[in-house]
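Chain by chain, the residues:
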Amino acid sequence: MFLLNTTLGAVTLGGMKEFRSVVASAVGLHARPAALFASTAKGSGSTVRLAKIVDGQATAAVDGASVLRVMTLGVKCGDEVVVTVEGESEAETILKLQEIVESNDH
């Protein structure tokens, strides 16, 4: 099953950028999507944190540059996540990570 995805919000918080979105990939952020997310985060030169939204509250954020940490969140298709990016390439990194989260082409 694939979900039509819309960004739930993107904001700038005291020098860091954040977005919330719904995961569109049928496998969630597992395997290939998790690897793409972590690789993009690691290559960005920015600090990337990822959390899953459960009952309206964010779980503890994990290092977005670690594929294993991303996979431990157990993010499934249709789950809401929040991503924060802080560093040199925030705007560019946000766009790339948002594309991965919202893509169902994995």
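As shown above, the structure is provided for reference.
To start, this report covers the structure provided alongside it. (Residues numbered from 1 in each chain as written. Predicted model: local features only at pLDDT ≥ 70, side-chain atom pairs only at ≥ 80, totals over all residues. Heavy atoms only, no water.)

1. Focus on the pairing of strand β3 (residues 46-54)
Strand direction decides the pairing type here: β3 and strand β6 (residues 80-87), joined by eight bridges, are antiparallel. Bridge pairing in β6 links Ala-51 to Val-82. Two elements, β3 and strand β5 (residues 62-63), share two bridges in a ladder whose sense is antiparallel. Bridge pairing in β5 places Leu-50 opposite Val-62. Pairing of β3 with strand β4 (residues 57-58), which is carried by two bridges, proceeds in the antiparallel orientation. Paired with Val-54 across the strands is Gln-57, a residue of β4. Counting the residues in the hairpin turn of β3 and β4 gives two residues, including Asp-55, whose phi is positive at 55 degrees. (Pairing = 2+ DSSP bridges. Helix = DSSP H or I, 4+ residues; strand = E, 2+ residues; numbered from the N terminus.)

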